[in-house]
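Okay, here's what each chain looks like letter by letter:
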Amino acid sequence: MRSSSNIKVQLDINGVPVAAVIDTAAQVTIVSDKLYNSSSSNPPILKKVILHTAGRDLKMTRYRVGPVSIVIRSQTFIDNEVFVAPVDDDMLLGLDFLQQHQAIISMSGGNLEIGHERIAMNSCSDGDLSTARVAKVTMVKNINVPPYAVLRVPCSLSMSLDDYVIEPIQSDILLSPRLLQSNGCMPLICFVNLSNKNIKLIRGEKVGTAHEIVDVISEVESGEIKLQKVSSKDTSENEVPEHLRDLLIKSGEHLSSQENSLLRDVLSSYADVFAKNEFDLVKFTAIEHGIDTGDARPVKQRLRRTPACYVDEEEKHLNSCLVLETLIPHHQNGHQHLF
């Protein structure tokens, strides 16, 4: 049994990337028995059922399983039940799922609108995408993307592919362009942090989907294509902020490459703990310290004058604090005080 639909959309079902057919003729969502049997995270079988197919007296006995997690871009949908059947396509996204989540199929725009996202649909002839393989792209280690920065990060594929295109997972504050990679190359994704905070990517976290190329256009009708060769060198050193580079170099002189990598991760993860300069002062109120003075009463002492040889240096330091607003002038009784 094979769907005559030739419109597919990329999604993950229980962590497995698939090209699902959008089939409004299917009353229920169906997963291929081959995909179900090959997955290591199968949902439990709920019940044996009889599925009636198009045509008179055509039916087959199969299973109803659930619950399953269906991830489309950044959205996760929990479906309490899907059906497993011997179909050639990995998955048929049926009318039950589309209606439940009020999906809109735009044939003129070539996209599927579901939730708050618009996903491009792949329109192809029968068999074009059935042989195309899809792999998950995940982080190989913990990475901190600094604020307002661009960082190229090495990743890994869940399976080996021929030439492929990476479709990164996008968010409002972390952007990534699509990437074309040749067979055997380690995937390098360029992350653009648009926020004013560090964004941490965890080892093993999915950051995109790799689609194997099934067709190459040999001729370009118009325009000019410019290619830029990108080095596959690991640029993870750039994740360490500028004010910690010297500390990284000096501390790593007698460390192995693995220990240096761990040191980079620590410095990157806790970069905000280190002061950038002598005026980089912040308040920390999570812990309070007390000084036990016993029964001793406070003693008032007279103000000690600054030695004449340090007056100019002290004045210079106070002016720097005022410029950087680490000290705030306060006027009281005709006198100026600094706090």
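The following refers to the structure shown. (Residues numbered from 1 in each chain as written. Predicted model: local features only at pLDDT ≥ 70, side-chain atom pairs only at ≥ 80, totals over all residues. Heavy atoms only, no water.)

1. Examining the overall build of the chain
Applied cut-off: The helix count covers DSSP runs of H or I at least four residues long, the strand count covers runs of E at least two residues long, and both are numbered beginning at the N terminus. Throughout, exposure labels follow a simple rule: accessible area from a 1.4 Å probe, protein chains only, divided by the maximum for the residue type, with under 20% read as buried, over 50% as exposed, and the rest as partly exposed. In what follows, a contact means two residues having at least one pair of non-hydrogen atoms within 4.5 Å.
Each helix and strand counted, the chain has 5 helices and 24 strands in total. Out of the 339 residues in the chain, the part that is buried amounts to 32%. Restricting to contacts in the chain with at least 6 residues of sequence separation, those with at least 24 account for 59%.

2. What to know about the packing of helix α3 (residues 242–251) against helix α4 (residues 257–269)
Note the threshold: Throughout, an axis means a line fitted to C-alpha atoms (over the contacting stretch in the case of helices), and angles, computed between N-to-C directions, take values from 0 to 180 degrees. We call two directions roughly parallel when the angle between them is under 35 degrees, roughly antiparallel when it is over 145, roughly perpendicular when it lies between 65 and 115, and oblique otherwise. For any pair of crossing helices, the crossing counts as left-handed if the nearer helix is rotated counterclockwise from the farther one by less than a right angle, and right-handed if it is rotated clockwise.
Where α3 contacts α4, the axes come no closer than 11 Å and their chain directions differ by 155°. Relative to α4, the element α3 is oriented roughly antiparallel. The crossing of α3 and α4 is right-handed. Contacts between α3 and α4 involve Leu244, Leu247, Leu248 and Ser251 from the former and Asn260, Leu263, Arg264 and Leu267 from the latter.

3. Digging into the sheet that holds strand β17 (residues 164–168)
The test is simple: We treat two strands as partners when DSSP finds at least two bridges between them.
The strand order across the open sheet built from 7 strands is β18-β20-β16-β14-β22-β17-β19, with neighbouring strands paired in antiparallel fashion. Edge strands, defined here as strands with exactly one partner in the open sheet, are β18 (174–175) and β19 (179–181). As defined by bridge partners, strand β16 (residues 150–157) adjoins strand β20 (residues 188–193) across 5 bridges and the pair is classed as antiparallel. In the strand pairing of β20, Arg152 is matched with Cys190.

4. Examining the nonpolar core
What tends to happen in soluble globular proteins is that the nonpolar side chains get buried as a cluster. To keep it simple, the criterion reads: Definition of nonpolar core: a set of buried residues of the types Ala, Val, Leu, Ile, Met, Phe, Trp, Tyr and Cys, connected through side-chain atoms within 4.5 Å.
Ranked by size, the top nonpolar core spans 25 residues in total, and within it Leu11, Ile13, Ile72, Met91 and Phe97 carry the most contacts. A per-element tally of this core places strand β1 (residues 7–13) first, with 4 residues. Counting 18 residues, the second largest nonpolar core, distinct from the first, contains Leu151, Leu161, Leu174 and Ile199.

5. A word on the pairing of strand β6 (residues 68–72)
The two faces of a sheet get side chains in turn, since along a regular strand they alternate between them. Side chains Val68, Ile70 and Ile72 project from β6 onto a buried face, and the interleaved Ser69 and Val71 project onto a face without burial. Two strands pair when backbone bridges link them, and β6 and strand β7 (residues 75–79) are joined in this way by 5 bridges, in the antiparallel orientation. When the bridges of β7 are listed, Val71 appears paired with Thr76.

6. Focus on empty space enclosed by the protein
Rules: Note on definitions: the grid is 1 Å and covers protein atoms alone; a cavity is a set of points where a 1.4 Å probe fits but cannot get out; a pocket is an open set with protein on both sides within 12 Å along at least five of seven lines; lining residues have an atom within 4 Å of a point. Grid points are joined across faces, edges and corners, and a volume is the space filled by probe spheres set on the points. Charged means Asp, Glu, Lys or Arg here, nonpolar means Ala, Val, Leu, Ile, Met, Phe, Trp, Tyr, Cys or Pro, and polar covers whatever is left, Gly included.
Scanning all chains against the criterion turns up 2 cavities of 30 Å³ or more. Forming the boundary of the largest cavity are Ile13, Asn14, Val16, Val31, Leu35, Tyr36, Ser39, Ser41, Asn42, Pro43, Val68 and Val82. The residue inventory of the lining of the largest cavity, partitioned by class, reads 8 nonpolar, 4 polar and no charged.

7. Section: the sheet that holds strand β12 (residues 117–120)
Ordered in space as β10-β11-β12, the 3 strands form an open sheet in which the pairing is antiparallel. Looking along the sheet, the strands with just one partner apiece sit at the ends: β10 (104–106) and β12. Direction aside, neighbouring strands of the sheet carry axes that sit 20° apart on average. In this sheet, strand β11 (residues 111–114) lies alongside β10 in antiparallel orientation, the contact comprising 3 bridges.

8. Describing α4
Stated formally: Expected span of a helix, by definition, is 1.5 Å for each gap between consecutive residues, and there is one gap fewer than residues.
Its 13 residues place the ends of α4 18 Å apart at the C-alpha level, agreeing with the 18 Å of an ideal helix rising 1.5 Å per residue. Those residues of α4 not exposed but buried are Asn260, Ser261, Leu263, Arg264, Asp265, Leu267 and Ser268. In this structure, the buried side of α4 is in contact with β15 (143–145) and α3.

9. Description of the pairing of β12
Only one face of β12 is covered, namely the one carrying Glu117 and Ile119; the face carrying Arg118 and Ala120 has none of its residues buried. Where β11 meets β12, 4 bridges bridge the pair, whose relative direction is antiparallel. In the sheet register, Leu112 faces β12, and the bridge partner there is Ile119. In textbook terms, the turn of a hairpin is the stretch between consecutive antiparallel strands, and for β11 and β12 this stretch comprises 2 residues, one of which, Gly115, has a positive phi near 65°.

10. Examining a nonpolar patch on the surface
Heads up, the rule is: Like-charged residues within 9 Å of one another, or nonpolar side chains (Val, Leu, Ile, Met, Phe, Trp, Tyr) within 5 Å, are grouped into patches, provided each residue has over 30% relative accessible area and no salt bridge. Each accessible area value is a Shrake-Rupley result obtained with a 1.4 Å probe; residue values ignore everything except the protein chains displayed when judging cover. Here, a salt bridge means any side-chain nitrogen of Lys or Arg that lies within 4 Å of a carboxyl oxygen of Asp or Glu.
Together, Leu247, Val266, Tyr270, Val273 and Phe274 make up an exposed nonpolar region whose accessible area comes to about 470 Å². Relative to the helices and strands, Phe274 resides in the loop between α4 and α5 (311–323). Take Phe274: its relative accessible area is 32%, and that puts it in the partly exposed class.

11. Some points on unusual backbone geometry
Residues apart from glycine generally show negative phi values, whereas peptide bonds are mostly found in trans. With omega at -5°, the peptide bond leading from Gly66 into Pro67 counts as cis. Tracing the backbone through its elements, the reader meets Pro67 in the loop between β5 (59–65) and β6. Positive phi, normally seen in glycine, also occurs at Asn14, with a value near 50°. Position of Asn14 among the secondary structure elements: in the loop between β1 and β2 (16–22).

12. As for a negative patch on the surface
The following threshold applies: Only four residue types enter the charge count: Lys and Arg as positive, Asp and Glu as negative, with His and the chain ends excluded. Charge placement uses NZ in Lys and CZ in Arg. For Asp and Glu, CG and CD serve respectively.
Where like charges cluster on the molecular surface, the negative patch consists of Asp312, Glu313, Glu314 and Glu315. Here Glu315 is to be found in helix α5.

Any functional reading would require information that these geometric values do not contain.
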